Amino acid sequence: QVQLVESGGGLVQAGGSLRLSCAASGSIFRINDMGWYRRAPGKQRELVATTTSGGSTSYADSVKGRFTASRDNAKNSVYLQMNSLRPEDTAVYYCNADLETAWGYRRQYWGQGTQVTVSS
């Protein structure tokens, strides 16, 4: 059994900051890419940031310079530091991991989502 659990969402005023955390647990052999997606009301889910097991990161253009993803492989965790938040960042943020279980299966896993609301 593998699960991803996010935390850290909340309500913040424009210009503020939040830090999201996601921890994977269960029978995990290896986590490859791990990152964050978000879905805003009326919009498709979009990729926000990804991290590789080696620490490389990539970001959506809309968050570059404001968001920073980081990873702690020892804790099977990924984080998203969100600074200079804007109302358009309001969305449900989902943790995602491409991982291999201890039983030899590889697939994408998703967290339950955490709400981020940015007021103007």
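For every chain, the first residue of the written sequence is number 1, and numbering continues from 1 onward in sequence order. Local features in a predicted model are, by the rule used here, given only for residues with pLDDT of at least 70; side-chain atom pairs are given and counted only at 80 or more, and totals for whole chains, interfaces and linings are based on all residues. With hydrogens and water set aside, each side-chain value is computed from the structure's full complement of heavy atoms.

Colleague: Explain the side chain of Ser77 here, please?
Modeller: Numbering of helices and strands runs from the N terminus; a helix is a DSSP stretch of H or I covering at least four residues, while a strand is a stretch of E covering at least two. The residue Ser77 is located in strand β8 (residues 77-82) in this model. Of the polar contacts made by the side chain of Ser77, one reaches the backbone oxygen of Lys75; its length is 2.9 Å. N or O atoms within 3.5 Å of each other form a polar contact, as long as, within protein, one can give a hydrogen and the other can take it, and as long as residues adjacent in sequence are counted only when both atoms are side-chain atoms.

Colleague: Sorry, what's going on with the pairing of strand β11 (residues 114-119) here?
Modeller: In regular strands, side chains alternate between the two faces of the sheet. Think of it in three bands: residues with accessible area under 20% of the maximum for their type are buried, residues over 50% are exposed, and the middle band is partly exposed, with areas taken using a 1.4 Å probe on protein chains only. Here β11 shows a buried face lined by Thr114, Val116 and Val118 and an unburied face lined by Gln115, Thr117 and Ser119. By the bridge criterion, four bridges tie strand β2 (residues 10-13) to β11 in an arrangement that is parallel. The partner of Val12 across the bridge, within β11, is Val118. Whether two strands pair depends on DSSP finding at least two bridges between them. Direction of pairing for strand β9 (residues 91-101) relative to β11: antiparallel, over a ladder of three bridges. Along β11, the bridge assignment pairs Val92 with Gln115.

Colleague: What's the story with the packing of aromatic side chains in this structure? I'm lost.
Modeller: Aromatic ring pairs are described here by two measures, namely the spacing of the ring centres and the angle between the planes. Classification of ring pairs rests on two measures: the distance between centres of Phe, Tyr or Trp rings, Trp counted by its six-membered ring, which must be within 6.5 Å, and the angle between planes, read as stacked under 30 degrees, edge-to-face over 60 and tilted in between. What the rule picks out here adds up to one aromatic pair. Sitting over a ring, as applied to charges here, requires NZ of Lys or CZ of Arg to be within 6 Å of the ring centre and within 35 degrees of the ring normal. Geometry around Tyr37 places Arg45 over its ring, the cationic atom sitting 5.8 Å from the centre. Against the face of Tyr109 rests Arg107, its NZ or CZ located 3.7 Å from the ring centre.

Colleague: So what exactly am I meant to see when it comes to the sheet that holds strand β1 (residues 2-7) here?
Modeller: Across a sheet, strands are paired by hydrogen bonds formed along the backbone, either parallel or antiparallel in direction. The strand order across the open sheet formed by four strands is β1-β3-β8-β7, and the pairing between neighbours is antiparallel. The open sheet is flanked by β1 and β7 (67-72), the only strands paired with a single partner. Between one strand axis and the next, the sheet turns through 15° on average, direction left out of account. Pairing between β7 and β8: six bridges, direction antiparallel. Note that in β8 the partner of Asp72 across the bridge is Ser77. Note on method: axes are straight lines fitted to C-alpha atoms, helices fitted across the in-contact stretch only, with angles between N-to-C directions ranging 0 to 180 degrees.

Colleague: Could you clarify how one ought to interpret the pattern of salt bridges in this entry?
Modeller: When the charged atoms of two side chains lie near each other, side chains of opposite charge can form a pair. One side-chain nitrogen of Lys or Arg within 4 Å of one carboxyl oxygen of Asp or Glu is enough to make a salt bridge. Taken as a whole, this structure holds six salt bridges when the rule is applied. A salt bridge links Glu100 to Arg30; the shortest N-O distance between them is 3.0 Å. Of this pair, Glu100 sits in strand β9 while Arg30 sits in strand β4 (residues 28-39), placing them 70 residues apart in sequence. Looking at Glu100, the relative accessible area reads 16%, which means it is buried. In this structure, the salt-bridge partner of Glu46 is Arg38, at a minimum N-O distance of 2.7 Å. Three or more residues are tied together by salt bridges with common partners; here these are Arg38, Glu46, Arg66 and Asp89.

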